[in-house]
Each structure stands twice: as structure tokens, then as C-alpha cells.
Amino acid sequence: MEQLQIDLNRDPAVQLSCTFIKAAPGAPLRTLIIFLNGVDCPQSSWYPLMSLISQQSASRNSPPILMYDRVGQGKSSSGNSGKRDVLDAVYDLRGLIEKIGEMRLGVSREEVNALRLCIVASSVGCHIARLYAQTFPKTVGGLLLLDPIIADKDILSLFPNPIAPGYNKSTLPGGISCGILEQTRRKLESAYHPMGLNREGLWLGNIQKYFPLSHLPKLVGPKPNTPCITVILHNPEIFARQMKEATSVDETLIRTYLIPAWHQNGGALLNITAEHLRRGPITAEGSGHLVHLDDPRLVVNEMGLLLGKLRQSVFSFLKTGNTTP
């Protein structure tokens with residue numbers, strides 16, 4: 001693994017901390033795997049998974065791999081441009097890909113769209129990956145989305161307001177009072193309201209503007225039969241325990257209001273590609289929210305399947321006689 005500090009052209013005050021792993025012998029040309037982190041979760045969270053990949057990279061003909069800390073995250077600097085939203089994260093990623101293309105892959109900025117990207121993303125990183133594919137169509141061939149957050153609505157809206165006019169308290173789960181539900185809403189508003197701040201400074205207050213619908217728009221891949229998309233979701237029991245530890249919210253309320261909506265969101269996301277290019281949603285039985293930490297072997301296995309599909313799509317494309325690179 002090679003550690004790099006990359007200057008960000010769109011913000012000269014920023015240096016992004018990156019990890020680059022060169023391609024294994026026999027790897028497909030002009031392909032790059034990118035790992036995208038969740039909020040306040042640095043690139044080092046992928047290292048246990050990397051050790052598994054390194055054990056299998058020769059047999060898998062692994063393409064080059066790029067990990068990095070976003071602006072204000074991990075070992076990257078914060079810059080001078082104020083708060084960044086997910087679209088800023090997309091353009092930061094674009095600038096990074098251009099630099100890595102020139103420095104390590106022999107691809108000029110003018111040719112960067114010829115790179116076939118396979119993005120493995122966790123949590124909010126799933127939506128940065130999705131928005132990148134929307135903003136730069138025909139560049140992303142595969143997406144492996146690990147427990148994507150709900151982006152088309154805020155978490156607080158999933159929990160009914162017990163003091164709203166006409167609220168029917170008979171709909172409350174057993175053992176839950178209106179007072180407990182109201183207290184839960186206050187806790188969640190404090191911890192997860194999109195207008196709030198996180199340590200890295202990634203502002204999520206306008207994320208619904210970019211993703212008004214979880215199942216649209218359809219993405220356009222670089223070749224026929226792309227993009228291939230796989231979604232892996234958390235185990236509900238483990239996730240409920242994690243949420244209780246993080247927020248002190250009753251597990252019953254998490255299971256009743258949040259988890260069903262979360263899993264519905266994960267299923268809906270698959271609709272951003274064609275039906276025959278979808279896989280999942282898969283439940284990571286031993287995993288909470290950070291699937292790549294809790295079940296790295298599952299993620300590596302699904303990466304192998306996804307890369308196999310992408311190789312097959314390129315092979316099928318070339319068999320048609322089309323020689324466009």
C-alpha cells in the first residue's frame with residue numbers, strides 16, 4: 001500500500017490523504033476500485049478488508065485500489081472553503097481521480113472518463129458514489145453499496161409526533177408511551193438532524209435536494225449491461241442494539257419505525273439500474289451498520305462477484321465487434 005498526499009486543485013488549501021494499491025498482474029486495463037467512507041469514518045476502517053483482498057488479489061487479478069480521507073476527515077486537511085455537501089464531495093473525488101489517473105495509471109485528465117470505476121461505499125458514501133455516477137454518466141460500471149443511509153427523508157420524520165393534532169396513541173408499540181416517543185424524537189433530532197454538524201464538516205442539510213426519490217434517476221454505465229449494483233444491509237437485531245448504545249433510544253422504536261424504512265430504502269436503491277443488473281438486498285447476518293468492519297469476508301466475496309460481472313460485460317461488448325475503448 002502506497003500512502004499519498006494529493007493537492008486538491010479546486011481548493012488549494014486541501015491535501016487529501018490517500019492509499020493506493022497497484023494492480024495485480026493480469027488485472028483489466030483502465031479499471032479502478034474506489035472505497036468511499038461513511039461520515040467521520042476514515043479510510044483506515046477499510047484496512048482489515050484490505051488484508052483479505054491482498055491474500056486473494058493474485059487469483060482475482062485485482063485492479064488498482066484507491067482509498068482516501070475526505071476533506072476534514074482522518075489525515076486530510078480541512079481547507080478554507082467552508083462546509084461541504086455531498087456534491088462538493090463528488091467534485092473532490094473527481095479531482096482526486098484525475099490526479100491518480102495521471103500519477104499512477106497513465107491516464108490524462110482528458111482521458112479520465114475512459115476509466116471504468118467500481119465503487120465500494122459505506123453509509124453516506126453510498127450516496128456520494130451514486131451522485132458521482134449521476135454527475136459523470138458512463139464512468140461507473142459497478143456499485144457495491146454497504147448499508148446506505150436514507151437520503152430522501154430525514155430520520156426524525158420516520159417517527160410519528162405524539163403531540164401532533166389527531167395523533168392516535170393506540171398505534172404505539174407495546175410498552176411505549178407518548179412521553180417515551182416524544183423523548184426519542186428529541187434525542188434523534190439532536191444526534192441525526194441533517195442540519196446538524198459532524199466532525200468532518202460534511203453538511204447533509206440539503207441531501208434530499210440531490211435524492212428526492214430513492215429509486216430514481218436510473219444510472220448510465222460505461223458499457224451495455226452496466227452499471228451492476230449490489231446492496232448489502234445490516235442485521236436488524238445488531239443494528240437495533242447499536243442504535244440503542246449510540247442514542248439510548250428504545251430498541252422497540254428502532255425496530256418499529258427505523259429499520260423497516262431503512263430496508264425498504266435499500267431495496268428501492270436497486271431500481272437505479274436495470275433489473276438484470278441488480279443483486280440484493282443481502283442481509284449481512286453478523287453485521288451492524290459498518291458492514292466492511294463487521295463482515296469483511298462477505299464484502300470481499302461480493303466484490304469478486306461484481307468484478308466478475310464487469311469483466312463479463314466488457315467481454316460481451318467486445319464480442320459484438322465494437323472496439324470503442
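Report on the accompanying structure. (Residues numbered from 1 in each chain as written. Predicted model: local features only at pLDDT ≥ 70, side-chain atom pairs only at ≥ 80, totals over all residues. Heavy atoms only, no water.)

## Quick notes on unusual backbone geometry
Part 1 of the argument: Cis geometry is found at the peptide bond from T226 to P227, where omega equals 0°.
Part 2 of the argument: Here P227 lies in the loop between helix 5 (207-210) and strand 7 (228-233).
Part 3 of the argument: With an omega dihedral of 0°, the bond running from G280 to P281 counts as a cis peptide bond.
Part 4 of the argument: Tracing the chain through its elements places P281 in strand 8 (residues 278-283).
Part 5 of the argument: Of note, the phi angle at S123 is positive, near 60°, even though the residue is not glycine. (Helix = DSSP H or I, 4+ residues; strand = E, 2+ residues; numbered from the N terminus.)

## Examining the pairing of strand 7
Part 1 of the argument: The buried count for strand 7 comes to 6 of 6 residues, which makes it a mostly enclosed element.
Part 2 of the argument: Side chains C228, T230 and I232 project from strand 7 onto one buried face, and the interleaved I229, V231 and L233 project onto a second face that is buried too.
Part 3 of the argument: Of the strand pairs in this sheet, strand 6 (residues 140-146) and strand 7 are connected by 5 bridges, and their pairing is parallel. Within strand 7, the position partnered with G142 by the bridge is C228. (Buried < 20%, exposed > 50% of the residue type's maximum accessible area, 1.4 Å probe, protein only. Pairing = 2+ DSSP bridges.)

## Side note on the packing of aromatic side chains
By convention here, two paired aromatic rings are described through the distance between centres and the angle between planes.
Part 1 of the argument: Applying the stated rule across the entire model yields 5 aromatic pairs.
Part 2 of the argument: For the pair F35 and W46, a centre-to-centre distance of 4.8 Å together with 55° between the ring planes defines the contact as tilted. Of this pair, F35 sits in strand 3 (residues 31-36) while W46 sits in the loop between strand 3 and helix 1 (47-60), placing them 11 residues apart in sequence. In this pair, the class of F35 matches that of W46, namely buried.
Part 3 of the argument: Ring geometry for F239 against W262: centres 5.0 Å apart, planes inclined by 55°, an arrangement best described as tilted. One end of the pair, F239, is in helix 6 (residues 236-247); the other, W262, is in helix 7 (residues 251-269), and 23 residues separate them in sequence. Accessibility assignment for this pair places F239 and W262 in one class, buried. (Phe/Tyr/Trp six-rings, centres within 6.5 Å; stacked < 30°, edge-to-face > 60°.)

## Quick word on the side chain of R84
Part 1 of the argument: As for its position among the elements, R84 is in the loop between strand 4 (65-68) and helix 2 (86-105).
Part 2 of the argument: A polar contact is formed between the side chain of R84 and the side chain of D11, at a distance of 3.3 Å.
Part 3 of the argument: Once residues within four sequence positions are removed from consideration, R84 is found in contact with L8, R10, D11, V14, V71, S78, D92, G201, L202 and W203. (Polar contact = N/O pair within 3.5 Å; in protein donor to acceptor, adjacent residues only side chain to side chain. Contact = heavy atoms within 4.5 Å.)

## Describing the pattern of salt bridges
Part 1 of the argument: By the definition in use, this model includes 14 salt bridges.
Part 2 of the argument: Put simply, E98 and R109 hold a salt bridge, and the shortest N to O gap is 3.1 Å. With E98 in helix 2 and R109 in the loop between helix 2 and strand 5 (116-122), this residue pair connects regions lying 11 residues apart in the sequence.
Part 3 of the argument: Judged by relative accessible area, E98 falls into the buried class, the value being 14%.
Part 4 of the argument: Assessed through its relative accessible area of 43%, R109 is described here as partly exposed.
Part 5 of the argument: Between R279 and E302 there is a salt bridge; the shortest N-O distance is 2.7 Å. With R279 in strand 8 and E302 in helix 9 (residues 296-319), this pair connects stretches of sequence that are 23 residues apart.
Part 6 of the argument: Since its relative accessible area comes to 33%, R279 is described here as partly exposed. (Salt bridge = Lys/Arg side-chain N within 4 Å of Asp/Glu carboxyl O.)

## Quick notes on helix 6
Part 1 of the argument: End to end, helix 6 covers 16 Å across 12 residues, agreeing with the expected 16 Å (1.5 Å per residue, within 8%).
Part 2 of the argument: Of the positions making up helix 6, those classed as buried are I238, F239, A240, M243 and T247.
Part 3 of the argument: For helix 6, the elements touching its buried residues are helix 4 (178-192) and helix 7.
Part 4 of the argument: Among the residues of helix 6, the N-terminal cap falls to N235, whose side-chain oxygen and the backbone nitrogen of E237 are separated by 2.8 Å.
Part 5 of the argument: Looking at the residues trailing helix 6, positive phi occurs at S248, about 65°. (Expected span 1.5 Å × (residues − 1).)

## A closer look at the sheet that holds strand 7
Part 1 of the argument: Pairing is mixed across the open sheet formed by 8 strands, whose spatial order is 1-2-4-3-5-6-7-8. Here the strands that pair on one side only, and so sit at the sheet edges, are strand 1 (2-7) and strand 8. Between one strand axis and the next, the sheet turns by 20° as a mean value, whatever way the strands run.
Part 2 of the argument: Of the pairings in the sheet, the one linking strand 3 to strand 5 comprises 6 bridges and is parallel in character. Paired with I34 across the strands is I119, a residue of strand 5.
Part 3 of the argument: Along the sheet, helix 3 (residues 125-135) contacts strand 3, strand 5 and strand 6; its crossing angle with strand 5, the most-contacted strand, is approximately 155°. (Axes fitted to C-alpha atoms, helices over the stretch in contact; angles between N-to-C directions.)

## Comments concerning the packing of helix 4 against helix 6
Part 1 of the argument: Contact geometry of helix 4 with helix 6 gives a least axis separation of 11 Å together with a crossing angle of 85°. If you check the angle between helix 4 and helix 6, you find them roughly perpendicular. In this structure, helix 4 contributes K187, L188 and Y192 to the contact, and helix 6 contributes M243, A246 and T247. (Parallel < 35°, antiparallel > 145°, perpendicular 65-115°, else oblique.)

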